[in-house]
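Single-letter residue listing:
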Amino acid sequence: MVALKMEDLKNFTSRLFVGETFDRWLVRDVSVVTFNTFTIDGHIRQGYYSEQELEEHQIEELSAWKVLKPFCFTLIRGKKLPESFQITLQLSPADTAVFLKHAQLDFTAEQVNGLYLNIRYEAGALHCVTGTSLKLFTLDRQIEIEWDEAVKLYLKEEKIPYTQE
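Analysis parameters
- Each chain has its residues counted from 1, following the order in which its sequence is written.
- For this predicted model, a pLDDT threshold of at least 70 governs which residues receive local features, and a threshold of 80 or more governs which side-chain atom pairs are given and counted, while totals over whole chains, interfaces and linings are taken from all residues.
- Heavy atoms throughout the structure, all of them, feed into the side-chain values; hydrogens and water do not.
- Put simply, DSSP H or I for four residues or longer makes a helix, DSSP E for two residues or longer makes a strand, and each gets a number counted from the N terminus.
- The globule rule used for comparison is 2.2 Å times the number of residues to the exponent 0.38, while the radius of gyration itself is calculated over C-alpha atoms.
- Only protein chains enter the accessibility calculation, which uses a 1.4 Å probe. A residue is then buried if its area is under 20% of the maximum for its type, exposed if over 50%, and partly exposed in between.
- Here a residue-residue contact requires only that any non-hydrogen atoms of the pair lie within 4.5 Å.
- One requirement defines pairing of two strands: DSSP has to find at least two bridges between them.
- Given a helix with a known number of residues, its expected span is that number minus one, times 1.5 Å.
- Note: the arc covers the axis-to-C-beta directions of the helix.
- What counts as a ring pair is set by centres within 6.5 Å for rings of Phe, Tyr and Trp (its six-membered ring), and what kind of pair is set by the plane angle: stacked under 30 degrees, edge-to-face over 60, tilted for all other angles.
- Among the buried residues, those of types Ala, Val, Leu, Ile, Met, Phe, Trp, Tyr and Cys that are joined through side-chain atoms within 4.5 Å form a nonpolar core.

A. Layout of the overall build of the chain. For the chain, the count of helices and strands is 5 helices and 8 strands. A compact globule built from 165 residues should have a C-alpha radius of gyration of about 15 Å, and the chain, at 16 Å, falls within 12% of that. Its C-alpha atoms give the chain principal-axis dimensions of roughly 50 × 45 × 25 Å. Within the span of the chain, comprising 165 residues, buried residues form 39% of the whole. For the chain, the share of sequence-separated contacts (at least 6 apart) that also reach a separation of at least 24 residues comes to 69%.

B. Structural context of the pairing of strand β6 (residues 112-122). As defined by bridge partners, strand β5 (residues 84-90) adjoins β6 across 7 bridges and the pair is classed as antiparallel. Note that in β6 the partner of Gln 90 across the bridge is Tyr 116. Note that β6 and strand β7 (residues 125-134) share 10 bridges and pair antiparallel. Residue pairing for β7: Leu 117 is matched across the bridge by Thr 130. Counting the residues that bridge the hairpin from β6 to β7 gives 2 residues, and of these Ala 123 lies at a positive phi of roughly 55 degrees.

C. How the structure looks around helix α3 (residues 65-76). Here α3 contains 12 residues, and its C-alpha end-to-end distance of 15 Å stays within 8% of the 16 Å for a straight helix at 1.5 Å per residue. Of all the residues in α3, the buried ones are Trp 65, Leu 68, Lys 69, Cys 72 and Ile 76. Take α3 and look down its axis: the buried residues cluster within an arc of 125 degrees, on one side only. Following α3 by one or two positions, Gly 78 adopts a phi angle in the positive range, close to 140 degrees.

D. Main features of helix α1 (residues 9-17). Taken together, the buried positions of α1 are occupied by Phe 12, Thr 13, Leu 16 and Phe 17. Seen from one end, α1 has its buried residues packed into an arc of 110 degrees, which puts them on one side. Contacts made by the buried residues of α1 are with β1 (3-6), α3, β5, β6 and β7.

E. Geometry of the packing of aromatic side chains. Within this structure, the stated rule accounts for 11 aromatic pairs. Summarising the aromatic geometry, the rings of Trp 25 and Trp 147 are spaced 6.0 Å apart at their centres and angled 50 degrees between planes, so their arrangement reads as tilted. Separated by 122 residues along the polypeptide, Trp 25 in the loop between α1 and β2 (26-33) and Trp 147 in helix α5 (residues 142-157) bring together distant segments of the chain. On the basis of relative accessibility, which here comes to 7%, the residue Trp 25 falls in the buried class. Classification of Trp 147 as buried rests on a relative accessible area of 3%. When the ring of Phe 99 is compared with that of Trp 147, the centres are 5.4 Å apart and the planes differ by 85 degrees; the resulting orientation is edge-to-face.

F. Local environment of the nonpolar core. Core analysis: the largest hydrophobic core is formed by 37 residues, its most contacted members being Phe 22, Trp 65, Phe 85 and Ile 119. At 5 residues, the largest contribution of residues to this core is made by β6. Once residues within four sequence positions are removed from consideration, Ile 119 is found in contact with Phe 12, Leu 16, Phe 85, Gln 86, Ile 87, Leu 89, Leu 126, His 127 and Cys 128.

G. Representation of unusual backbone geometry within the structure. For Gln 104, which is not a glycine, the phi torsion comes out positive at approximately 55 degrees. Residue placement: Gln 104 occurs in the loop between α4 (93-102) and β6. With a phi angle near 60 degrees, Lys 159 is a residue other than glycine that sits in the positive phi range. Mapped onto the fold, Lys 159 is located in the loop between α5 and β8 (162-164).

Spelled out as structure tokens, the structure:
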């Protein structure tokens, strides 16, 4: 786990809510505090989509950020900044498999519950915290180390400045 403070709040939020930088990520949950607290559970409700729709649109267990982003953007935009927001993004199973292969780790995508990026805005500062969850117990922390480095590299490639805390 690594905590990163975003140096350019406007740039990051623009990429998050308007750009396509995080569109491929899946959403576990969202909480936005303005005049009310709004919460979104990113899990797809069973039975809402037909099997054909699930296959055609490649809908997984969680909603893609690309789908929920417009709703979240309407909650934060306006003359007043939100008091806070928290977004938990997760790498898709397909992207998790690619990450594991690229990092040459001895895990399968089925053994990984999730590779997370927790985004939190509060008191005028925005932080990203990485996280991992495995379906098995291991003392090997290499997956955490590799995930932390992969997120930092992703932010650098996207030209998103940050400082590590």
